[in-house]
Amino acid sequence: MGDGVQWSLDDDWDWQIQCARTHDALLRDTDSWVPPVEEELVLAARATALSQWYPSTSHNYLRFSDGPPPWVPGGRDDVRYVPGCISFAKEGADGSVVFRVWSGLLLQSPEPVLVLATPHAVVAVEALMKVLTTDS
C-alpha cells in the first residue's frame, strides 16, 4: 500500500487472521508456552460485536483499539485501546491452553483484573464482550 492509502477495519481483521495463522504454524510441534490457538481466537472474536474494533495481538494476547495502529498504512499514533483483552498460554495442569479474560489493560496501571479462565476461545470472547459492555 502506498502513501495516502487508508487501512480499513476489514483490512486489519484480514491481516490479523493471516498473521495469527502464520504464528500458529510456527508454534506447532514446538515446546513453546504459547499454544497455536491465535487464529481460533481471532476468528471467534471477528464473529462477534468485537469486530467493531481494530484487533492486535502481542506475544500471547488479543486486544482491541478504536483505530488502526501506527505500524499499518494509515495508522494513528493516538489510538485508544479498549480496556479489556484475552491472553492465552499453555497453563492447564496437562499443558493445555487456558484463555484468560482481563478487565483493564495488561502491563499498565492500574493492574488489570482477571475475570475468567477457560479452555474455550468462544467462551473467552463472550466473557470479554460482557466485560466491555459493563465497563461502557
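Residues numbered from 1 in each chain as written. Predicted model: local features only at pLDDT ≥ 70, side-chain atom pairs only at ≥ 80, totals over all residues. Heavy atoms only, no water.

A. A look at the pattern of salt bridges. Across all of its chains, the model carries seven salt bridges by this definition. R21 is the salt-bridge partner of E39, the closest N and O atoms lying 2.7 Å from each other. A residue pair is termed long-range when its members are at least 10 positions apart, and E39 in helix α2 (residues 38-46) and R21 in helix α1 (residues 9-27) qualify at 18 residues. On the basis of relative accessible area, E39 is assigned to the buried category, the value being 17%. The partly exposed category is assigned to R21, whose relative accessible area is 43%. Between R80 and D66 there is a salt bridge, with the nearest N and O atoms lying 3.0 Å from each other. A residue pair is termed long-range when its members are at least 10 positions apart, and R80 in the loop between β2 (61-65) and β3 (84-90) and D66 in the loop between β2 and β3 qualify at 14 residues. A relative accessible area of 60% places R80 in the exposed class. Put simply, D66, R76, D78 and R80 are held in one network by salt bridges that share partners. (Salt bridge = Lys/Arg side-chain N within 4 Å of Asp/Glu carboxyl O. Helix = DSSP H or I, 4+ residues; strand = E, 2+ residues; numbered from the N terminus. Buried < 20%, exposed > 50% of the residue type's maximum accessible area, 1.4 Å probe, protein only.)

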